[in-house]
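Observations on the model geometry
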Amino acid sequence: MGRFDGSVVMVTGSAQGIGAATVARFVSEGARVAAVDIDTAANESMAASVIGDNPGAEIATYSCDVADAEAQGEVFADVVRRWSRLDVLVTSAGIYVGGPLEEIPMDRWESIVAVNLTGVLVSNRMAAGPMKAQGSGAIVNIASMAAKTSWPESAEYSATKSGVVGITRSAAMELGPHGITVNALCPGNTLTAMVRKVATEIGGTLGMTGSEWLEMRAADTALGRLAEPWEMAGIIAFLASPDARYITGQAIEADGGLILS
Ligand SMILES: NC(=O)c1ccc[n+]([C@@H]2O[C@H](COP(=O)([O-])OP(=O)(O)OC[C@H]3O[C@@H](n4cnc5c(N)ncnc54)[C@H](O)[C@@H]3O)[C@@H](O)[C@H]2O)c1
């Protein structure tokens, strides 16, 4: 028996990184998963690999830009048509951009807001209907440690991730009476393609290689290392599980003790 036997889980940003690890975790615990990503080829290959490891698993892949509210609406409608319910939503689709405050191009600001903030708002809004109808559900929004603390030259990213925590708190209050929990996970540096790109970019501005920057960040944590995507997936699965049914409206820090250190 898996914790999520018979459950229907939707994961956005499923093709790689934390989202892909989350799909694998829920599938391994018995869930049927709707995997939603803008990168169709990578998403299909993620699904084939997870099914290879879990023969008989049900994964439905969807090509969708989460910034497009209409497209997300079609995905949600299809998932509910296919499986008649939605138990868990995990919003992992996100992008990082950064740079000096005075040089932020307005179109770049608008594009990160569209993906990281509008995308999450729309996903939460769309999940509310089916979850309210069944009187249960769990939403886990992926924010960042950058939601609670900030660094220079990351105003755009920080602003969107703080906004995700705001959406989480308000949605938790609104949906709680319907038996639905809404929490945010605030990861620290997790070894994915995103963090490697960030390391190269920010390390470059500090005269470091990407690897040197990652080593510096690892040394800044109490645990002395960065996170693996599957470690985030484990926390996400816990927050979506019955063991966490009295936790809602929280922004859970999982940064290896970086902010403490
Ligand atoms: N890796 C980290 O250190 C870290 C730390 C804190 C927070 N986060 C957050 O965790 C989430 C996952 O990050 P990751 O490191 O796995 O990143 P990643 O870049 O490895 O994966 C992100 C996935 O989201 C998809 N995506 C991007 N834009 C999309 C869009 N418009 N519509 C649909 N899909 C889209 C990408 O195709 C990709 O598959 C993000 O929200 C990120 O901000 C990551």
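Look a little higher up for the structure.
Quick look at the structure, then.

How each quantity is defined
Residues numbered from 1 in each chain as written. Predicted model: local features only at pLDDT ≥ 70, side-chain atom pairs only at ≥ 80, totals over all residues. Pairing = 2+ DSSP bridges. Helix = DSSP H or I, 4+ residues; strand = E, 2+ residues; numbered from the N terminus. Axes fitted to C-alpha atoms, helices over the stretch in contact; angles between N-to-C directions. Contact = placed C-beta atoms within 7 Å. Near = placed C-beta within 6 Å. Nonpolar A, V, L, I, M, F, W, Y, C, P; charged D, E, K, R; others polar. Parallel < 35°, antiparallel > 145°, perpendicular 65-115°, else oblique. Left-handed = near helix turned anticlockwise from the far one by under 90°.

Next up on the list: the sheet that holds strand E1 (residues 8-12). Reading across the sheet, the 7 strands line up as E3-E2-E1-E4-E5-E6-E7 and stay open at both edges, with parallel pairing between neighbours. A single partner strand is all that each edge strand has here, and the edge strands are strand E3 (59-63) and strand E7 (251-254). For this sheet, the mean angle separating the axes of adjacent strands, direction not counted, is 15 degrees. The pairing of strand E6 (residues 180-187) with E7 spans 4 bridges and is parallel. In the strand pairing of E7, Cys-186 is matched with Glu-253. Of the strands in this sheet, strand E2 (32-37) and E3 are in contact with helix H2 (residues 40-53), which crosses E3 at around 175 degrees. The strands touched by helix H4 (residues 106-134) within the sheet are E1, strand E4 (88-91), strand E5 (137-142) and E6, with E5 carrying the most contacts at an inclination of about 175 degrees.

Further remarks concern the site of the ligand. Around the ligand, the structure places 27 residues, and the nearest of them are Gly-13, Gly-17, Gly-94, Thr-192 and Met-194. Mapped onto the shell around the ligand, the elements with two or more residues apiece are helix H1 (17-28) and helix H6 (193-205). Residues of the shell around the ligand, tallied by class, amount to 13 nonpolar, 11 polar and 3 charged.

One way to put it is that H4 packs onto helix H5 (residues 155-175) with a least axis distance of 10 Å and a crossing angle of 15 degrees. On the basis of their axis angle, the class for H4 and H5 is roughly parallel. For the crossing formed where H4 meets H5, the hand is right-handed. On the side of H4, the interface is formed by Arg-108, Trp-109, Ile-112, Val-113, Asn-116, Leu-117, Val-120, Leu-121, Asn-124 and Ala-128, while H5 contributes Glu-156, Tyr-157, Thr-160, Lys-161, Gly-163, Val-164, Ile-167, Ala-171 and Leu-175. The class makeup of the residues in the contact of H4 with H5 is 12 nonpolar, 4 polar and 3 charged.

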